[in-house]
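# Secondary and tertiary structure notes
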Amino acid sequence: MAARFNDHVVGRLRDGTRRGLARLGVADADIIESWVPGAFELPLAAKVLAQAGKVDAVICLGTVIRGDTPHFDYVCAEAARGIQQAQLDTGVPVMFGVLTVDTEQQALERAGEGTDNKGDEAAVGAVEMALLVRCLRG
Ligand code: INI
């Protein structure tokens, strides 16, 4: 689940996520990619997808860059809170692959071409948590 706001960065997070999933053996055909307007909308879309019962994990990607107003704080806080709530409510792991940064430069540094990419980190976390949840359920 990816947020279009700052999509020049989020596209790089998406690419990092796909590289990470491919490295871990996840087939392209097993990935559902959907977009929402901004990070604020990630929790609802993640929860609906998780509730549909078709996925082992959800990866939320977004980039929130601090501006001159408190808007940043509201978007970050609600994205983080809602994403955590989505995984607790559904029992499906939901990864927080959302950059919360002061500058675009900081965002780009965390959306690199290798494993220096928050999307890659989220991919690794999603596979680990999906396997763990499956194992714990027996
Ligand atoms: N959404 C983001 O994903 N990143 C941002 O940096 C951002 N800023 O700066 O405003 C942002 N705002 C939009 C927000 O996520 C919602 O889409 C919007 O408020 C409509 O609900």
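Data block above holds the structure.
For the structure given in this document, a descriptive report is provided here.

The rules behind the values
Residues numbered from 1 in each chain as written. Predicted model: local features only at pLDDT ≥ 70, side-chain atom pairs only at ≥ 80, totals over all residues. Heavy atoms only, no water. Buried < 20%, exposed > 50% of the residue type's maximum accessible area, 1.4 Å probe, protein only. Helix = DSSP H or I, 4+ residues; strand = E, 2+ residues; numbered from the N terminus. Pairing = 2+ DSSP bridges. Right-handed = clockwise from strand over helix to strand, strands pointing away. Contact = heavy atoms within 4.5 Å. Near = heavy atom within 4 Å. Polar contact = N/O pair within 3.5 Å; in protein donor to acceptor, adjacent residues only side chain to side chain. Areas by Shrake-Rupley, 256 points an atom, 1.4 Å probe, with all protein chains shown as cover. Nonpolar A, V, L, I, M, F, W, Y, C, P; charged D, E, K, R; others polar. Salt bridge = Lys/Arg side-chain N within 4 Å of Asp/Glu carboxyl O. Core = buried A, V, L, I, M, F, W, Y, C linked by side-chain atoms within 4.5 Å. Axes fitted to C-alpha atoms, helices over the stretch in contact; angles between N-to-C directions. Parallel < 35°, antiparallel > 145°, perpendicular 65-115°, else oblique. Left-handed = near helix turned anticlockwise from the far one by under 90°.

## Some thoughts on the pairing of strand β3 (residues 58-65)
Of all the 8 residues making up β3, 7 are buried; the element is thus mostly covered by neighbouring parts of the structure. When β3 meets strand β4 (residues 94-101), the two strands line up parallel, connected through 8 bridges. Looking at the pairing, I59 lines up with M95 of β4. In this fold, β3 hands off to helix α3 (residues 71-90), which returns the chain to β4; that crossover is right-handed.

## Describing the side chain of N6
The topology assignment puts N6 in the loop between β1 (2-3) and α1 (7-23). Sequence-distant contacts of N6, defined by excluding residues within four places in its chain, comprise T63, V64 and I65.

## Observations regarding the site of the ligand
Around the ligand sit F5, N6, G38, A39, F40, E41, T63, V64, I65, H71 and V75, and those are all the residues in its vicinity. At 2.8 Å from an oxygen atom of the ligand is found a main-chain nitrogen or oxygen belonging to A39. Here an oxygen atom of the ligand sits 3.2 Å away from a polar atom, N or O, in the main chain of I65. Protein burial of the ligand: of its 460 Å² of free accessible surface, 75% is covered by the chains. Per-element tally for the shell around the ligand: the top contributor is β3, with 3 residues. The residue makeup of the shell around the ligand, split by class, is 6 nonpolar, 4 polar and 1 charged.

## A short note on the pattern of salt bridges
Following the criterion strictly, the structure yields 12 salt bridges and no others. Its salt-bridge partner being E33, residue R14 comes within 2.8 Å of it at the nearest N-O pair. Note that R14 is positioned in helix α1 and E33 in the loop between α1 and β2 (35-36), a separation of 19 residues in sequence. Among the salt bridges present, the one from R18 reaches E33, with a minimum N-O distance of 3.0 Å. With R18 in helix α1 and E33 in the loop between α1 and β2, this residue pair connects regions lying 15 residues apart in the sequence. You can call E33 partly exposed: its relative accessible area is 32%. Each member of the salt-bridge network shares a partner with another, and the members are R14, D15, R18, D28 and E33.

## Some remarks on the nonpolar core
Ranked by internal contacts, the top residues of the largest apolar core, which has 22 residues, are M1, L42, V58, C60, V64 and V94. For this core, the elements supplying multiple residues, two or more each, are α2 (42-51), β3, α3 and β4. Counting residues per element, this core draws most heavily on α3, which supplies 6 residues. Setting aside residues up to four positions removed in sequence, V64 forms contacts with N6, A39, F72, V75, C76, V98, L99, T100 and V101. With 17 residues, the next largest nonpolar core counts I59, V101, A123 and A126 among its residues.

## Some thoughts on the packing of α1 against helix α5 (residues 118-137)
Geometry of a packed helix pair, given as the angle between the helix axes and the separation of the axes. Viewed as axis vectors pointing N to C, α1 and α5 meet at an angle of 40°, and their least axial separation amounts to 6 Å. By the angle class used here, α1 and α5 are oblique. Considering only the axes of α1 and α5, their crossing is right-handed. Packed against α1, whose contacting residues are L13, G16, T17, G20, L21 and R23, the element α5 presents K118, G119, D120, A123, V124 and V127 at the interface.

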